[in-house]
Amino acid sequence: MKNKFIAGNWKMNKTIADTKQFINELIPLVAGANNRVALCVPFTDLATAVELAKGTNIAIGAQNVHWAESGAFTGEISVNMLKELGVEYVVIGHSERRQYFGETDATVLKRTLAALAGGLKPIVCVGETLAEREGGLMEEVLKRQTLEGLAQVSAEQMADVVIAYEPVWAIGTGKTATNQEANDAIGYIRGILAQKYGDEVAQNVFIQYGGSMNEKNAADLLSMPQIDGGLIGGASLVPEKFQAIVKAK
Ligand code: 13P
């Protein structure tokens with residue numbers, strides 16, 4: 001069985017001072033953990049986070065990246081800028097970016113291709129809204145987001161791609177998908193990947209669950225066969241809670 005991959009997504013939380021305190025507290029708590037650990041932090045915290053996490057088992061990720069190498073894109077950050085800092089992962093296509101900042105499957109694809117070409121590992125987020133789920137559109141949405149968001153990604157490149165299934169209705173709401181719902185949706189996404197890339201690629205790709213995952217429900221969710229890890233929002237802001245998820249059995 002694969003180890004799990006637990007990533008925190010801090011969203012727009014924590015200053016540099018907060019980051020120092022958090023990572024210094026977290027390092028001993030997760031040292032020696034079997035699962036892969038990453039923290040995806042705001043741009044302003046990246047340099048500090050990378051420096052503090054050096055030589056530990058904590059990888060650092062950003063929460064967005066632009067597809068162009070450089071140029072007139074005010075407010076954006078390039079792959080090279082992140083690489084130079086020592087960043088390893090980047091969250092792409094989070095539902096909050098789709099909802100508030102006009103992210104589409106087409107821009108998810110551009111960012112993902114640029115990240116991969118530049119040696120960053122994308123954590124590509126997909127997930128249906130409540131209206132889509134209730135309207136019977138969940139599979140259609142997941143299929144479209146997966147296939148369009150990864151359209152020109154090769155089978156070889158899939159080794160560096162992580163997918164996060166985050167049902168929008170479960171994010172920050174305290175409403176978690178049941179273990180079975182999360183497992184089924186992830187199994188469905190894996191099936192789509194198997195059709196496109198073959199079984200081996202599909203089995204090897206890490207597909208995380210995200211949405212109100214916390215120290216109480218993590219062990220049950222992570223015990224499901226399709227769920228390869230978690231992308232954690234609120235519970236990743238407190239070292240004690242986050243380490244409990246990293247070590248959940
Ligand atoms: P919460 O864990 O706060 O629900 O957020 C999930 C999420 O959006 C992680 O990317």
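Scoring rules and cut-offs
- Residues numbered from 1 in each chain as written.
- Predicted model: local features only at pLDDT ≥ 70, side-chain atom pairs only at ≥ 80, totals over all residues.
- Heavy atoms only, no water.
- Helix = DSSP H or I, 4+ residues; strand = E, 2+ residues; numbered from the N terminus.
- Expected span 1.5 Å × (residues − 1).
- Buried < 20%, exposed > 50% of the residue type's maximum accessible area, 1.4 Å probe, protein only.
- Arc of directions from axis to C-beta.
- Contact = heavy atoms within 4.5 Å.
- Salt bridge = Lys/Arg side-chain N within 4 Å of Asp/Glu carboxyl O.

K.L.:
Please clarify how helix 7 (residues 138-149) should be interpreted in this entry.
P.N.:
Taking 1.5 Å as the rise per residue, helix 7 with twelve residues should run 16 Å; its terminal C-alpha atoms sit 16 Å apart, in good agreement. Along helix 7, the residues classified as buried are M138, V141, L142, Q145, T146 and G149. Down the axis of helix 7, the sector holding all buried residues measures 120°, keeping them to one side. For helix 7, the elements touching its buried residues are helix 4 (95-100), helix 5 (105-117), strand 5 (121-126), helix 6 (130-134), strand 6 (162-165) and helix 8 (179-197).

K.L.:
Which parts of the structure should I look at to understand the environment of M224?
P.N.:
Secondary-structure assignment places M224 in the loop between helix 10 (218-222) and strand 8 (229-232). M224 gets classed as buried once you look at its relative accessible area, which sits at 13%. Residues M224 and A182 lie 42 residues apart in sequence; the distance between their C-alpha atoms is 8.7 Å. Ignoring anything within four residues of it in the chain, the contact list for M224 reads K4, N179, Q180 and N183.

K.L.:
So what exactly am I meant to see when it comes to the pattern of salt bridges here?
P.N.:
When the charged atoms of two side chains with opposite charge come close together, those side chains can pair. A complete count under the given rule lists 13 salt bridges for this structure. For the salt bridge of K2 with D228, the shortest nitrogen-to-oxygen distance reads 3.0 Å. Residue K2 is found in the segment before strand 1 (5-9), and its partner D228 is found in the loop between helix 10 and strand 8; the two are separated by 226 residues along the sequence. With a closest N to O distance of 2.8 Å, D105 and R144 form a salt bridge. Of this pair, D105 sits in helix 5 while R144 sits in helix 7, and the two are 39 residues apart along the sequence. On the basis of relative accessible area, D105 is assigned to the buried category, the value being 7%.

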